[in-house]
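A look at the structure
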Amino acid sequence: MAQFTPEELMKVPDVDFMFREDGEFVIRSSKALFGGIKSVIFSLPGAFTPTCSAYQLPGYEAFYDMFKEQGIDRVYCISVNDCFVMNAWAKDQNIEKVKLVPDGNAEFTSGMGMLVKKFNLGFAMRSWRYAAVINDEVVEQLFVEDGMEDNCPNDPYEWSSPEKVLEYLKETSSVTD
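Now for a description of the structure that goes with this document. (Residues numbered from 1 in each chain as written. Predicted model: local features only at pLDDT ≥ 70, side-chain atom pairs only at ≥ 80, totals over all residues. Heavy atoms only, no water.)

This part takes up the pattern of salt bridges. Counted under the stated rule, the structure contains 7 salt bridges. Where Glu21 meets Arg28, a salt bridge forms, and the shortest distance between an N and an O atom there is 2.7 Å. The exposure class assigned to Glu21 is partly exposed, which follows from its relative accessible area of 23%. Ionic pairing is found between Asp155 and Arg129, a salt bridge with its closest N-O pair at 2.6 Å. Highlighted residues: Asp155 in the loop between β10 (138-144) and α5 (162-176) and Arg129 in the loop between β8 (125-127) and β9 (130-135), separated in sequence by 26 residues. Bridged by salt links that share partners, the residues Lys11, Lys31 and Glu137 form one connected network. (Salt bridge = Lys/Arg side-chain N within 4 Å of Asp/Glu carboxyl O. Buried < 20%, exposed > 50% of the residue type's maximum accessible area, 1.4 Å probe, protein only. Helix = DSSP H or I, 4+ residues; strand = E, 2+ residues; numbered from the N terminus.)

What follows is the structure in structure tokens.
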């Protein structure tokens, strides 16, 4: 888990995301998604993949109300997939609370420094698994899985879990209370 000093705080990349809603393409900027709110994002290698579908996405959906209790306004799942894939995955997983964000061109993922090669799996370029707490477009806390490397032979999942992010939020809220 990355710890930041106030001088090191990073602003999220300024990109446009392409959503598909009611049969139309809709563009939303980073500012529209993250501006003026406190959010949790988690990013993963791909929709419909085993760990992402069995644990990470359903876990964040199940923890959604607990995140709200800790002052989180929105929870976003970001993946290097197009809007059609992300919509199909949300429907397949019965996701109602977490908002799935398509990063089809990997611009956000690249700007976060999390783009890795997954050629060994036939995935091309994808996101390394991570989570973050974002406060008004600024990354407050980053939870990055160990071993980040191109063509990583395994798929670590520990630090970016909803349990770890919630633990951080509870610890920091008790410090400020």
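What follows concerns the side chain of Asp103. Within the secondary structure layout, Asp103 lies in the loop between β6 (99-102) and α4 (107-111). Once residues within four sequence positions are removed from consideration, Asp103 is found in contact with Phe17, Ile78, Ser79, Val80, Asn81, Phe108 and Thr109. (Contact = heavy atoms within 4.5 Å.)

Phe67 and Val98 are the most contacted members of the largest nonpolar core, which totals 26 residues. For this core, the secondary-structure elements that each account for two or more residues are β4 (38-44), α2 (50-69), β5 (74-79), α3 (83-92), β9 and α5. Per-element tally for this core: the top contributor is α2, with 6 residues. When residues no more than four places from it in sequence are discounted, the contact partners of Val98 are Phe42, Leu57, Tyr60, Glu61, Tyr64, Val75, Tyr76 and Cys77. In terms of nonpolar packing, the next biggest core, distinct from the first, is built from 23 residues, Ile37, Met112, Val144 and Cys152 among them. (Core = buried A, V, L, I, M, F, W, Y, C linked by side-chain atoms within 4.5 Å.)

Our next topic: the sheet that holds strand β1 (residues 10-11). The strands making up a sheet associate through hydrogen bonds between their backbones, and the pairing can be parallel or antiparallel. The strand order across the open sheet formed by 6 strands is β1-β10-β9-β4-β5-β6, and the pairing between neighbours is mixed. Each edge of the open sheet is held by one strand with a lone partner, namely β1 and β6. Strand direction decides the pairing type here: β9 and β10, joined by 6 bridges, are antiparallel. Looking at the pairing, Ala132 lines up with Leu142 of β10. This element, α2, spans β4, β5, β6 and β9 of the sheet and lies at about 175° to β4. (Pairing = 2+ DSSP bridges. Axes fitted to C-alpha atoms, helices over the stretch in contact; angles between N-to-C directions.)

In this model, α2 (20 residues) spans 29 Å end to end at C-alpha, consistent with the 28 Å of a helix rising 1.5 Å per residue. Of all the bends found along α2, the most pronounced is centred on Phe63 and spans about 50°. Buried within α2 we find Thr51, Cys52, Ser53, Gln56, Leu57, Gly59, Tyr60, Glu61, Phe63, Tyr64 and Phe67. Positioned one or two residues after α2, Gly71 has a phi angle of 90°, which is positive. (Expected span 1.5 Å × (residues − 1). Bend = angle between axes of the 7 residues up to and from the residue.)

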